[in-house]
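Here are the chains, one letter per residue:
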Amino acid sequence: MFQVREGRLRVLLWRRAEPPFEGTWALPGGLVHATERLGASASRHLAAKVDIPEIAHLEQLETRSDPVRDPRERVLATAYLALVTPEARPRLPSDTTWHAVDELPPTAFDHGSIVGSARERLRAKLSYTNIGFALAPETFTISQLRDTYAAALGHPVSATNLQRILTRRGVIEPTPDVSRPAASGGRPATL
């Protein structure tokens, strides 16, 4: 689960309380029930830990099948990419927190690699889809959207070019509203 928080792309992790990898950070997950679909299982495991009111985007990312990814036994893992808007502020238990994707702590199993795969998928899809809106508030200034794209991509983005591309695609439109004036003054930006 990714969210742009404090100008950085972050991933939700929790600290494992049991071996293997006790005390390290892990992605939400667990076993699939015999009568359960993969997506339902992912949602169930996430809901058991945190209360996310709305996931803006959810897609299957990949299946991991390395025979030694879990030291206990052979375990297949199907990973999902979930995105939430900046307004989502779930209550988190003490063992769960948001971590900057570019500064991950040591992770359990192959979870660091899964986070890397998810970030690469997000970066790729930002160039040819409207997935960036899943990380943005419902209304935004072009500068705010630029900052969201920059956090997700990991490099600076031109607000002018972003606006030109998204306008050409027909996926953004100005509202009659404007942003609150900045402390430094100047004309409020169009939302």
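Right above here is the structure, for reference.
Calculation notes
- Residues numbered from 1 in each chain as written.
- Predicted model: local features only at pLDDT ≥ 70, side-chain atom pairs only at ≥ 80, totals over all residues.
- Heavy atoms only, no water.
- Phe/Tyr/Trp six-rings, centres within 6.5 Å; stacked < 30°, edge-to-face > 60°.
- Helix = DSSP H or I, 4+ residues; strand = E, 2+ residues; numbered from the N terminus.
- Lys NZ or Arg CZ within 6 Å of the ring centre and 35° of its normal.
- Buried < 20%, exposed > 50% of the residue type's maximum accessible area, 1.4 Å probe, protein only.
- Contact = heavy atoms within 4.5 Å.
- Axes fitted to C-alpha atoms, helices over the stretch in contact; angles between N-to-C directions.
- Parallel < 35°, antiparallel > 145°, perpendicular 65-115°, else oblique.
- Nonpolar A, V, L, I, M, F, W, Y, C, P; charged D, E, K, R; others polar.
- Expected span 1.5 Å × (residues − 1).

A short note on the packing of aromatic side chains
Part 1 of the reasoning: For the coordinates displayed, the defined rule picks out two aromatic pairs.
Part 2 of the reasoning: Summarising the aromatic geometry, the rings of F21 and F109 are spaced 4.8 Å apart at their centres and angled 65° between planes, so their arrangement reads as edge-to-face. Separated by 88 residues along the polypeptide, F21 in the loop between β2 (8–15) and β3 (25–26) and F109 in the loop between β6 (96–100) and α2 (111–128) bring together distant segments of the chain.
Part 3 of the reasoning: Summarising the aromatic geometry, the rings of F133 and F140 are spaced 5.9 Å apart at their centres and angled 20° between planes, so their arrangement reads as stacked.
Part 4 of the reasoning: We note K49 situated over the ring of W14; from NZ or CZ to the ring centre the distance is 5.2 Å.

Re the side chain of Q3
Part 1 of the reasoning: Within the fold, Q3 resides in strand β1 (residues 2–5).
Part 2 of the reasoning: Judged by relative accessible area, which is 0%, Q3 ranks as buried.
Part 3 of the reasoning: In this structure Q3 touches R8, L9, R10, V84, T85, P86, A88, R89, W98 and L135, once residues within four positions along its chain are discounted.

A look at the packing of helix α3 (residues 142–153) against helix α4 (residues 159–169)
Part 1 of the reasoning: Axis separation between α3 and α4 bottoms out at 9 Å; the angle between their running directions is 100°. Overall, the two elements α3 and α4 adopt an arrangement that is roughly perpendicular. Along its contact with α3, which presents I142, L145, R146 and Y149, the element α4 presents A159, L162, Q163 and L166.
Part 2 of the reasoning: Classifying every residue of the contact of α3 with α4 gives six nonpolar, one polar and one charged.

Some points on α3
Part 1 of the reasoning: Counted at 1.5 Å a residue, the expected span for α3 with its 12 residues is 16 Å, and the 16 Å between its end C-alpha atoms agrees.
Part 2 of the reasoning: Turning to α3, its buried residues are I142, L145, T148, Y149, A150, A151, A152 and L153.

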